[in-house]
Structures are given as C-alpha cells and as structure tokens.
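Structural overview
One letter stands for each residue in the lines below.
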Amino acid sequence: MPLPGAAGPPGAMGTAVGPMSLRELLLAAEAGGAAGGEEEVCVVGIFGKTALQLCSEKEALVSTVCDRQVFPLFPEEDPELADGAAGQEGDPATKDYNQLQAYYSQESRVLYLVLTSICDTPQLLRACRDLAAAENREAGPGHPSGGPAPLPHAEAHEFWKHQEKLHCLSLLYLFSVCHILLLVHPTCSFDITYDRVFRALDGLRQKVLPSLKAAIKDCPVGKEWKLNCRPCPPRLLFLFQLNGALKVDPLPSRGQDPCGHLEKPPPKKHSPKRRLQHALEDQIYRIFRKSRVLTNQSINCLFTVPANQAFVYIVAGGPQDGDDPVAMLLDQLRSNCTMRETDSLLAPTLSGPRRYQMMRHGRQQLSFHAESTSSSSSSSGQLVDCTLKEFLWQHVELVLSKKGFEDSVGRNPQPSHFELPTYQKWVAAALKLYEVTIEGKDDDPTCGELSSKIMSSIKVLEGYLDIDTKFSENRCQKALPMAHSAYQSNLPHNYTMTVHKNQLAQALRVYSQHARGPAFHKYAMQLNEDCYKFWSNGHQLCEERSLTDQHCVHKFHLLPKAGEKPEADRNPPILYHNSRARSTGACNCGRKQAPREDPFDIKAANYDFYQLLEEKCCGKLEHINFPIFQPSTPDPAPARDESSPAPPEGEIEKLKEKEPQTQGESTGLSLALSLGQSTGSLGTYPPDAQGGGDNAESHGQSGDSKSEKRPSLVDRQASTVEYLPGMLHSNCPKGLLPKFSSWSLVKLGPAKAYNFHTGLDQQGFIPGTNYLMPWDIVIRTRTEDEGDLDTNSWPAPNKAVPGKRSAVVMGRGRRRDDIARAFVGFEYEDARGRRFMCSGPDKGRGLKPHYAQFMRLFVVVPDAPLQITLTPQVQPGPPPCPIFYPEKQEITLPSDGLWVLRFPYAYVTERGPCFPPKESQQLMSYKVLRGILKAITQ
C-alpha cells in the first residue's frame, strides 16, 4: 500500500501509484489491482551509495525527475527489518538489510525500482545497531568484563561479506528486470570496487542462468527474454555528486568588471562540469574494457554503455556550497520566508508540480535536484548543461519508442534483443524472479529447488568479493606446513598428552607469527585437529603412571581382562602396564632381596611381590596376621566413599588438565588400582582433625597420648558384603576392611637372635648401618613416691631418660632388677636395594641425606615381664594428606622376640597414589607420627 502522504496529487500530469515495497507491488499486480496493466512500461533501477549529508538519499532522485515529492522526507522504518522475521528476532546474521522500493509513474509509463542496502547510511546504522544488541545479549548481565563482548574478527567479517553477497543477489535481480540502471555515487570520483562487483555479478549470472530460465519458462514474455532472462542488456548510467570538489565563480553582473585590467582567456566550449563528465566517461569506459566487463558484443555483457550518448551526469551543488548543514538550513529558512514580488503574484495561481518547483529553489545544496538552465549562460560561448531529467529522458525515450539500445561496437556488431513488455507481463516475470532470487520461497517445490540452487551458487562470489578472506586463506595455508614442522620437531615416536599439548602450543606460536586475517581461527582449528590426528595415529603413549610416578612406556593399549593373555600384535595391543623401571626390594623379614617391577596397582606393590618371596624365605616364620575382608556372598562389591567430600569443581578441572583423559579409559585402558579412578596425583583432602598434621616429625616419639586424637579402626562390626577398595586411612569409611593387607608383622626369632656386637645379618645394608638402637626400659619395681615419670615410651629428640643408671652391664637383657634393654631399628631402603638404619631418634637425617624410603621397623623385646605396643601411623605427604595405619591399630608384641613390621611400599587413596617426594619438596611433611612405640610392664 502507498505510504501515507507519499502519492502525488492528481492534476494535469495524470495519476501515479505511490511508493511501496516491490513485493507488495508485485503481489497487488498479480491480484489484478495494478493500474495500467496493459500499458507498456520502461523499468529504471536505481542503486549505489549515499553520503552522510542531508538530502542525499536515492529517493530524492525520483522526486527530482518526477517534479513532485514522491518519497516522504522522513521514511518510516520497515517493520520486517526492525523486528526481524519470526524465529529470527535478534539474530542479525539471518537478516537481509537490502530493501527494494517501487514507484510507478503512470503518466510517463516509467517504473522506478530503488535499492537500499548497507551501502546506504540508514541501513548501515540499523545493521550496526543490531550487531551491538546481539553482543549485549550474548554477554549477559554476568559477563566478567562488565560490558558487551566484542564480536570476533572472523564472525564480523563473515557477517559483512554475507550482506555483500545478499546485495549482489538484489543487484542481479535489478540487472534481470530493468531496461536502464542508474548508479548513484556521493563523490565525483569513480569507485574502482564496482569493477570487482560487476565481474562478480557477471560470473554469478552465468552460473545461475539455467535456474533463472527454469523460473520464467511459463511467463508470458518473448522468446529472447526467456532465453537471456532479461528484456534487454540493460544500459548503465552514472550519477556523481560534486560535494564542493569543483567550484565555479559566478559571472559578474552587468556593468561590473572587477578584472577588467587583466587579459581574459578565451572562453572554452564546455563548462568545467561538462569537462569533468567527459573525463569520467573516458575513465570508466577504459576500466571496464580492460577488465572485460564491457566487450564488443553487448548481448554477452552484464550491461552496456552508449557509444554516442552521455552516460555520466554530475550533480553540482548550489552557490552556497559548504560543510555546515545548520547554516544551509538557516539560509533555506530565510529564503523561503522572504516573499518576492513575482512570488506573491504567482503563488495564488500555482499548484501542483509548478508550486513544488518554486518552493524548492533553496534546497539545491547536497541534493539530486536539477540545477537551473541559467547556471551556464549561453552568452559566454559555452554549451548549456542539461538537467537531470533531460539526461535520463534521452535514454528512456529510446525504450518507450521501442528503438532499443544499439551499444555493440566493432567491425561486425551484432544487434541485441530488446522487448518492451506490458505492465502485467513484466509483473509476471518479475514476480517469479523475485521468489527464487530474493525471497527463497520454499512452499513451492519448484521455486524452493531453484532458490536452493541459486543460494548454493553464491559461492562463486567469494573469489571476487571476499579478497581479504582469499588472501588470508592463502597466507594461513602457507603457515600450516611450518606449524606442522614445529609440532613434529624433536618428538619421540610415542609421547603423552602433556608433550602433545606443549608441542601444539609451540606449533600455534609459529602459526600465529605467519597467519593473518579472518581465516586465522579456521586454520588454527585445523592445525589442532591435524596435530591430534598425528598423535592419536600410532604415536599416543599410554597415559598411566606407576605408583612411583613413572609413565608406562607402551603406546596406546588395553589391559588384559580376567583370564586373558597379553597380545602385542593386536590393534590396539593388549598389554600390562610397564615403565621399564626396576628396583631391588627385600622380603617381609628383610633377609632376602629380589628385583621387582615398577608397580602400577596397590596389590602388586604391597602384597603380590612379598607373597612371592614369602614362599622362599618368610613362609615358616611366625606371623601376626592383620584382619582382612571375609566375604559372606559370592560376589562382594567395593564400597563407595560417600563420607569423603568431593573436591570442588575448580580442583576437578585442574586434575583433568593435569592428567587428561585418553580414548581408552572408557574401554578398560585406565589402571584399575582397585580404587575406582586414577588421576595420577594425590589431589586435595579435607582437613582432618585426626590427622595430626601439626605434629613434629619423629621416628618413635611419644607425646601426650591423651591429648592426641587417633583414628579408630572400626566403629561398628566389619562388613562382610562390601570391602574397602584400597588401603585403610583416616578418611576412608568406617567398618570396612580391604581384601588384602599392605602391612606385615613377622617374628625372626627370640630376643637373643639379635647380636648387638655384629648387628643384623641381612643383605643390602650399607656397612656400619645395620645396628639397632638400644632402648632402656624401667620396670616398675619402685614405689610411687619415688616419682611418676613416664620412662617407658620411646624418647623424644634430645630428651634424656630420668633415673637412668650410668653403670651398664653389657650383654644382658636386664642391667639390674629394675632396668630392661630393648632394641629398635628404623630401616630405610632405596630403589637400588641399599639399606640403612636410622642412627638415633634425633639423627634421622644429616647434612647430606641419602634419599630412601622407611620400610621396616625392627623391635627386640627382651625376655622380661613387659610388652611393647606398636601404633604405626604414616602421613606420606603434606597436610591435608590422610594418615595411613594397619587394619589392627594397636599391636602388642610379647616378650622375648625379634619382630619386623614391614610398612607399605606405596600409599594410595581413592583419589590416586601419594607419590614419593621430589628433592625440591619439604621432606619434613613425609613422616611417621610419634607414639609408635610404648612399653607396658606386667
């Protein structure tokens, strides 16, 4: 429907259909409501760019040619562009900011099609506003930056190039339905980018020509029109604005000769504006001929230009040229409010177009209004410049007179086809083309198929329009091989995820030094995928680490299932974990040493190795067995640790980043450790009130046992249905026992089996370090008034035993009637099998310590009326690492015996193993808690 107040008034000039969107005009004409349906029409298309100044819109051009205010001064915003289509609201990437408006002047039989796009200021502002709104919605109120996140460079580039492609589709439509096209430009210099746009349009037209032919095959138009999908090769005209670039001083009035004393140059035949027009015509023609946009045969060209007619027109500003729009408006207001004598005589009698011409004499600045013919006086000897309407009408008359355009050049010019359709026939063909090129109509199967073919052919525009992306892709493609070389440099055949990430970071640094443009992110993702494929295709190392923090040396493999044999030839192979690290260890009693493989699970570390040596050495010795799980059902299940709080989400992410998951974990690649998971690190633990984390390190030191809280083994009867999947520690559920014990307590013999002159007679001890430390125990035979001192605990560092006799009788278990001597030894063992005893309670480590692990506690209980109680508690890491203890918390050793308590080789929780300390870590955090030994007299 016509816009309010837009239709011209009726009068002698006839009637006209007001401006409306092209879609509404075509639908109205198809419904039979078109004015002049049998009249032959000339179709003029207008497109181009507009400036930021006032009155520079292309719609003002139609008002100038038609001598009436056709389009409103303040057009309303299109609701489709303002709100978006259903389901597309708020997504600027799905909007088409190209808008086609139509105005049919029935008296002149000319249909004007005006295309506005992002090349025009209003549409450009609307697109930028929608992008800003989309950024605000994506950022949201909780965005960490406190403001909208800027659109990534690649996405912004893709958006603008997509709009440029849609603009080319609208231009293709205009070039397919118009006789004459008018290109409007806001400056007086030719924009060379149009050469690229026209070559892109020509390539797109050749690509989609079969689809366009199929769309109009049933339309009531001529054969040549159906064959070429256009009524004729359209003639392209150019309209430029001076905008103050060319100023001509006005001629002096009669009787004035300010430069009379100077010799005047002879007047030139053409005005400066006409000479600029000729120069632009020559420049445009040479450019299009060299780029092959224009050829000799016009029928093969996207458009034509006349050979013997002007096709460039320059709109000159008025005498008030300037850059201040406010001053221009004030001058217009002053001029319009001043009534001249001639105006007062003619104004009451004039109406319609004549009145419009009179009232616009002050609105010539920065607009498309035609200048007066008196701008160049014929008395000066120069040709009179034509008006804009005269410039356009010389081409329109060739169409309305059915002469057509004979724009072919050369020796054998071929005539081009030409057809002047009726209004109704043109509407029929234009509607079909509109549905397949602009709307993309899907409800009609034929139109939907043709539209999809046209949209798929739009990629041909990328080589012409998206030069930045083409350059960027070529640049990024050249950078990829260099990045691949950087990734593969100094790589072993198999490597872990950590090495992969480090090499990938190096490759991305090399890539970022050479890659540029909007394709940067696309090829960076391709580099990431290529490096991952290279790593996972036979170069992936097993991610599992042993309990001593050594990686498995096998490539990606699966673990054998129960009863399954290893198969190294399968893909992926089925193998046990192996770090190729071997160490030497002693048996439970310490008398026999044997090599051992680096363990990957707790059972192999703390039970299987010692059970193999048990048969050869310790099997016949007296044992004190620790309680283990006794099942009452044939298929017991491991208990879930619900009492231990889960680590925070941030810590979980850190654990995942530190040891990423591999593809095989879902198929049994992960080491089962009998714990449910293996993250490769101890992780974090909640503060434990029973952990004793603030206790000082001491081997066998005893403090106030009443003030120190010790973890209780069981608060209820041990379960016979669920077992503990791991080792017993302070954070595990109560009332559960493991399937095997990681501790061992063996009696080597009676007390006299130890000779304090020669020390322990066992393998692996460093010479001079196999002696146990004596411990004098006071037997309670004196009365209570002699003192109430606790002298039966293992002494603290630098603390002497009160009441100790100076005279010592060596070689006897008791010195006198109230003193008994026990022996204690804290044995350390390293990976090479070297063993040594701690030299004293206050001399555990010297200035140059030898790094080894505490493995055994030797205790010689004398043949006396006393017992020694063991309460071993180990904290193998800094707080809040849990405290480990055996299944029987307090162990009573009877008199007259040489006992060996073997500690676990590895300490593992439900969250992973507690790795041995590095040299840079504080060894004071890895300790045996005090209170491990206590003597009880009988």
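As the structure is a computational prediction, the values presented were derived from the model and not from experiment. Per chain, the residues get numbers from 1 upward, laid out in the order the sequence is written. Local features in a predicted model are, by the rule used here, given only for residues with pLDDT of at least 70; side-chain atom pairs are given and counted only at 80 or more, and totals for whole chains, interfaces and linings are based on all residues. With hydrogens and water excluded, all non-hydrogen atoms of the structure serve as input to the side-chain values.

**Concerning helix H6 (residues 193–215)**
Helix and strand labels come from DSSP, where a helix needs a run of H or I of at least four residues and a strand needs a run of E of at least two; each type is numbered from the N terminus. Multiplying 1.5 Å by the helix residue count minus one yields the expected span of that helix. Here H6 spans 31 Å end to end across 23 residues, near enough to the 33 Å set by a 1.5 Å rise per residue. Note that the bend at a residue is defined as the angle between axes fitted to the seven residues ending at it and the seven residues starting at it. Val-208 marks the point of greatest bend in H6, at about 55 degrees, and the proline Pro-210 comes within the next four residues.

**Section: unusual backbone geometry**
Backbone geometry follows two general trends: most residues other than glycine have a negative phi, and most peptide bonds adopt the trans configuration. That bond from Asn-571 to Pro-572 is cis: its omega, -5 degrees, falls within 30 degrees of zero. Position of Pro-572 among the secondary structure elements: in the loop between helix H18 (520–536) and strand S8 (582–586). Looking along the chain, the bond that leaves Pro-879 and enters Pro-880 is cis, with omega of 10 degrees. At Asn-490, a residue that is not glycine, the phi angle is positive and equals roughly 55 degrees. When you line up the elements, Asn-490 lands in the loop between helix H16 (467–488) and helix H17 (497–514). Although it is not a glycine, Arg-580 sits at a positive phi angle of roughly 60 degrees. Structurally, the position occupied by Arg-580 is in the loop between H18 and S8.

**Points about the packing of aromatic side chains**
Two descriptors summarise a pair of aromatic rings, namely the distance from one centre to the other and the angle between the planes of the rings. Only centres within 6.5 Å qualify two rings of Phe, Tyr or Trp (six-membered ring in Trp) as a pair; their planes then separate them into stacked at under 30 degrees, edge-to-face at over 60, and tilted for everything else. One pass over the full model with this rule turns up 34 aromatic pairs. Measuring from centroid to centroid gives 5.7 Å for Phe-629 and Tyr-723, while their planes differ by 50 degrees, and the two rings are tilted. Of this pair, Phe-629 sits in the loop between strand S10 (622–623) and strand S11 (637–638) while Tyr-723 sits in strand S12 (residues 722–723); the two residues are 94 residues apart in sequence, bridging distant segments of the chain. Burial classes: relative accessible area under 20% of the type maximum marks a residue as buried, over 50% as exposed, and values in between as partly exposed (1.4 Å probe, protein chains only). Taking relative accessible area as the criterion, Phe-629 reaches 4% and is therefore assigned buried. Under the relative-accessibility criterion, Tyr-723 is labelled buried at 14%.

**Some points on the environment of Lys-402**
Position of Lys-402 among the secondary structure elements: in the loop between helix H12 (388–400) and helix H13 (423–439). Take Lys-402: its relative accessible area is 48%, and that puts it in the partly exposed class. For Lys-402 and Leu-420, which are 18 residues apart along the polypeptide, the C-alpha to C-alpha distance reads 6.6 Å. Throughout, a contact is declared for two residues whenever any of their heavy atoms are within 4.5 Å. Excluding its chain neighbours within four sequence positions, the residues that come into contact with Lys-402 are Glu-40, Phe-418 and Leu-420.

**Some details on the environment of Phe-175**
Its place among the elements puts Phe-175 in helix H5 (residues 153–177). The spatial distance from the C-alpha of Phe-175 to the C-alpha of Phe-303 is 7.7 Å, given a sequence separation of 128 residues. Excluding residues that lie within four positions of it along the chain, Phe-175 makes contacts with Phe-47, Leu-181, Phe-198, Leu-201, Arg-230, Pro-234, Leu-302 and Phe-303.

**Brief notes about the sheet that holds strand S20 (residues 891–893)**
By the convention used here, strands pair only if DSSP detects at least 2 bridges between them. Read across the open sheet, the 3 strands follow the order S20-S18-S25; overall the sheet is antiparallel. Looking at the sheet topology across the chains shown, the edges are occupied by S20 and strand S25 (933–937). For this sheet the average axis-to-axis angle between neighbouring strands, irrespective of direction, equals 30 degrees. Bridge count for strand S18 (residues 866–870) against S20 is 3 bridges, and the pairing is antiparallel. Looking at the pairing, Leu-870 lines up with Ile-891 of S20. A fitted line through C-alpha atoms represents every axis, and for helices the fit uses only the stretch in contact; the resulting angles, taken between N-to-C directions, go from 0 to 180 degrees.

**What to know about the nonpolar core**
Note on terminology: a nonpolar core comprises buried Ala, Val, Leu, Ile, Met, Phe, Trp, Tyr and Cys residues joined through side-chain atoms within 4.5 Å. If you look at the biggest cluster of nonpolar residues, it comprises 103 residues, and the most contacted ones within it are Phe-47, Tyr-112, Phe-198, Phe-238 and Trp-426. Examining the composition of this core, we find that 10 residues originate from one element, H6, more than from any other. Once residues within four sequence positions are removed from consideration, Phe-238 is found in contact with Leu-182, Leu-183, Phe-190, Ile-284, Phe-288, Val-305, Phe-311, Val-312, Tyr-313 and Phe-391. In terms of nonpolar packing, the next biggest core, distinct from the first, is built from 68 residues, Phe-823, Leu-870, Phe-903 and Cys-914 among them.

**A look at the pattern of salt bridges**
Pairs can form between side chains of opposite charge once their charged atoms are near each other. Think of a salt bridge as a Lys or Arg side-chain nitrogen and an Asp or Glu carboxyl oxygen that are within 4 Å of each other. Tallying each qualifying case throughout the model produces 19 salt bridges. Close ionic contact of Arg-582 with Glu-597 constitutes a salt bridge, the shortest N to O distance being 2.3 Å. Highlighted residues: Arg-582 in strand S8 and Glu-597 in strand S9 (residues 593–597), separated in sequence by 15 residues. Between Asp-608 and Lys-603 there is a salt bridge, and its shortest N-O distance comes to 2.8 Å. You can call Asp-608 partly exposed: its relative accessible area is 30%. Through salt bridges with shared partners, a single network forms among Glu-827, Glu-829, Arg-835 and Arg-856.

**Here's the deal with the confidence of the model for the protein chain**
Residues at a pLDDT of 70 or more form 70% of the protein chain, whose mean pLDDT is 75. Every residue is assigned a pLDDT by the predictor, reflecting its confidence on a scale from 0 to 100. Below a pLDDT of 50 lies the segment residues 1–15, which in the model reaches 23 contacts outside its immediate sequence neighbourhood of four places, other chains included. Here residues 81–88 is modelled with pLDDT under 50, and outside its nearest four sequence neighbours on either side it reaches 16 contacts, counting other chains as well.

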